[in-house]
Amino acid sequence: MLDLKICPACGDRAELPVVEGERLVCAVCGHRAAFHRLPLLALTGPSGAGKSTVGPELARRLQGEVVVLEQDVLWTGALRDDVDGHPAFRSTWLRMAAMIHQSGRPVVLCGTVVPAEFEPLPERVFFSRIHYLALVADSGVLARRLRGRPAWRGWNEPRIAEMLAFNEWLRREGRSMSPPVELYDTTTVSLADSVEHAVRWVRRVLDGEIARSSAS
């Protein structure tokens, strides 16, 4: 089965998946199934820092190498109503990315997330590592970008203030998180430069994963 939480032998659905090396282990019947345990790459950061413009260019530049996905396509229904860090929303994305990984291509997930929202989840075991690159910006510039967005996106002043606080917190604490979040400031750089930086980051991360796998 593509859903890695479901045992292909007995059909049990694991709430706490068990992984040993490159094998999924069913806690009920003991079945061991090989699977692709790839790295997940999270392109994160506050709204307005550039994820939505960098993401499509990443998909174009890296076609055939990775699958680029936009987090907000699942920000709907009961998943949107989830609270306290949105664990059901985050878990659904991890399950989706893990299924896509079975095609052999790593996923780059574009959306606002930090390690504390992914790392404790049961589905985290499906990935060798999760790497984070955050696009950030000067808060004044970020505020102007958000105020300039179409009205349907709902960027009122309280919501903007909340995003600015997140931006400042991420700029201050990102590098000390576990795992650390790399930061890239888009305040004064062009879209082309931001895309180029993200492309180099993806390829550097994947080359590092290959080197670690070869050494183990």
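Attention in this report is confined to the structure presented alongside it.

Rules behind the numbers
Residues numbered from 1 in each chain as written. Predicted model: local features only at pLDDT ≥ 70, side-chain atom pairs only at ≥ 80, totals over all residues. Heavy atoms only, no water. Helix = DSSP H or I, 4+ residues; strand = E, 2+ residues; numbered from the N terminus. Rg over C-alpha atoms; globule rule 2.2 N^0.38 Å. Buried < 20%, exposed > 50% of the residue type's maximum accessible area, 1.4 Å probe, protein only. Contact = heavy atoms within 4.5 Å. Areas by Shrake-Rupley, 256 points an atom, 1.4 Å probe, with all protein chains shown as cover. Lys, Arg positive; Asp, Glu negative; His and termini not counted. Charge placed at Lys NZ, Arg CZ, Asp CG, Glu CD. Pairing = 2+ DSSP bridges. Axes fitted to C-alpha atoms, helices over the stretch in contact; angles between N-to-C directions. Expected span 1.5 Å × (residues − 1). Arc of directions from axis to C-beta. Polar contact = N/O pair within 3.5 Å; in protein donor to acceptor, adjacent residues only side chain to side chain.

## Examining the overall build of the protein
Thinking step 1. Across its full length, the protein carries seven helices and eight strands.
Thinking step 2. Computed over C-alpha atoms, the radius of gyration of the protein comes to 18 Å, within 12% of the 17 Å expected from 2.2 N^0.38 for 216 residues, which places it in the range of a compact globule.
Thinking step 3. Each principal axis of the C-alpha atoms in the protein carries an extent, and together these give about 55 × 40 × 30 Å.
Thinking step 4. In the protein, which comprises 216 residues, the proportion classed as buried is 44%.
Thinking step 5. Taking contacts inside the protein between residues at least 6 apart in sequence as the whole, the part at least 24 apart equals 69%.
Thinking step 6. A total of about 10,900 Å² of accessible surface is found on the protein, and carbon and sulfur atoms cover 54% of it.
Thinking step 7. Put simply, the protein has 27 plus and 26 minus side-chain charges, and the middle of one group is 3 Å from the middle of the other.

## Topic: the sheet that holds strand 8 (residues 181-185)
Thinking step 1. Read from one edge of the open sheet, five strands run 5-6-4-7-8, paired in parallel fashion. Looking along the sheet, the strands with just one partner apiece sit at the ends: strand 5 (67-70) and strand 8. Taking the axes of each pair of neighbouring strands and ignoring which way they run, one obtains an average angle of 20° across the sheet.
Thinking step 2. Here four bridges tie strand 5 to strand 6 (residues 107-110), and the two strands are oriented parallel to one another. Following the sheet pairing, Val67 is matched in strand 6 by Val107.
Thinking step 3. Helix 7 (residues 191-215) rests against strand 4 (40-44), strand 6, strand 7 (130-136) and strand 8 of the sheet, and its axis sits at about 165° to strand 7.

## What about helix 6 (residues 157-173)?
Thinking step 1. In this model helix 6 runs 24 Å from its N-terminal to its C-terminal C-alpha over 17 residues, within 8% of the 24 Å that 1.5 Å per residue would give.
Thinking step 2. Where helix 6 is concerned, the buried positions are Ile160, Met163, Leu164, Phe166, Asn167 and Leu170. Across the axial projection of helix 6, the buried residues extend over an arc of 160°, all falling on one side. Every exposed residue of helix 6 that faces more than 90 degrees away from the buried side is listed here: Pro158, Glu162 and Arg172.
Thinking step 3. Close packing links the buried residues of helix 6 with strand 7, helix 5 (139-147) and strand 8.
Thinking step 4. Two to three positions downstream of the cap, the backbone nitrogen of Arg159 sits 2.9 Å from a side-chain oxygen, assigning the N-cap of helix 6 to Asn156.

## Regarding the environment of Arg171
Thinking step 1. Tracing the backbone shows Arg171 in helix 6.
Thinking step 2. What makes Arg171 partly exposed here is its relative accessible area of 28%.
Thinking step 3. In sequence terms Arg171 and Gly30 are 141 residues apart; their C-alpha atoms lie 45 Å from each other.
Thinking step 4. Excluding residues within four positions of it along the chain, Arg171 makes contact with Val136, Ala137, Asp138, Ser139, Leu183 and Asp185.
Thinking step 5. Polar contacts involving the side chain of Arg171 include one to the main-chain carbonyl oxygen of Ala137, which spans 3.2 Å.

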